[in-house]
Amino acid sequence: VGEDINSVFEGYIQFRPSGIRVKRPDEVLPTLVAMVHTPIIGSKKRYITPREASRLQSFPEDFKFDSVGKDIYRLLGNAVNVEVILNVFRDFVAFLERKTDNVNKKN
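Let me sum up the structure you'll find in this document.

What counts, and where the lines are drawn
Residues numbered from 1 in each chain as written. Predicted model: local features only at pLDDT ≥ 70, side-chain atom pairs only at ≥ 80, totals over all residues. Heavy atoms only, no water. Salt bridge = Lys/Arg side-chain N within 4 Å of Asp/Glu carboxyl O. Helix = DSSP H or I, 4+ residues; strand = E, 2+ residues; numbered from the N terminus. Buried < 20%, exposed > 50% of the residue type's maximum accessible area, 1.4 Å probe, protein only. Pairing = 2+ DSSP bridges.

Notes on the pattern of salt bridges
What the rule picks out here adds up to three salt bridges. A salt bridge links Glu52 to Arg46; the nearest nitrogen and oxygen atoms lie 2.9 Å apart. For the salt bridge of Asp71 with Arg74, the shortest nitrogen-to-oxygen distance reads 2.6 Å. With a gap of three residues between them, Asp71 and Arg74 both fall in helix 2 (residues 71–78), about one helical turn apart. Residue Asp71 is classed as partly exposed on the basis of its relative accessible area of 30%.

What about the pairing of strand 1 (residues 12–16)?
Consecutive side chains of a regular strand alternate in pointing toward one face of the sheet and then the other. Where strand 1 and strand 2 (residues 19–23) come together, five bridges link them in antiparallel fashion. The partner of Tyr12 across the bridge, within strand 2, is Lys23. Counting the residues that bridge the hairpin from strand 1 to strand 2 gives two residues. Judged from the two bridges that link them, strand 1 and strand 3 (residues 40–41) form a sheet pairing that is antiparallel. Looking at the pairing, Tyr12 lines up with Ile41 of strand 3.

As structure tokens, then:
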């Protein structure tokens, strides 16, 4: 973050094998990864909760976890964002419908 903040506790903190990453509080949280580099909200001096991590992946609020502990963060880090999957699926269906319409027009 350079000189934009006075303390790491003013940003989002993430411990990584290459060192500590700090992002400005006006930026998005660091990426969730399967290696359990759980982001810390510096101003609150706490890790993000599993529910907050699931929100980053667009899981519904009523989603129930079978797993407990740090395994949840690994699983969410491996997950593909729900909204991304939904949008790709919708685009794929629209593509198939256009292809079907084109085939029907040729016949």
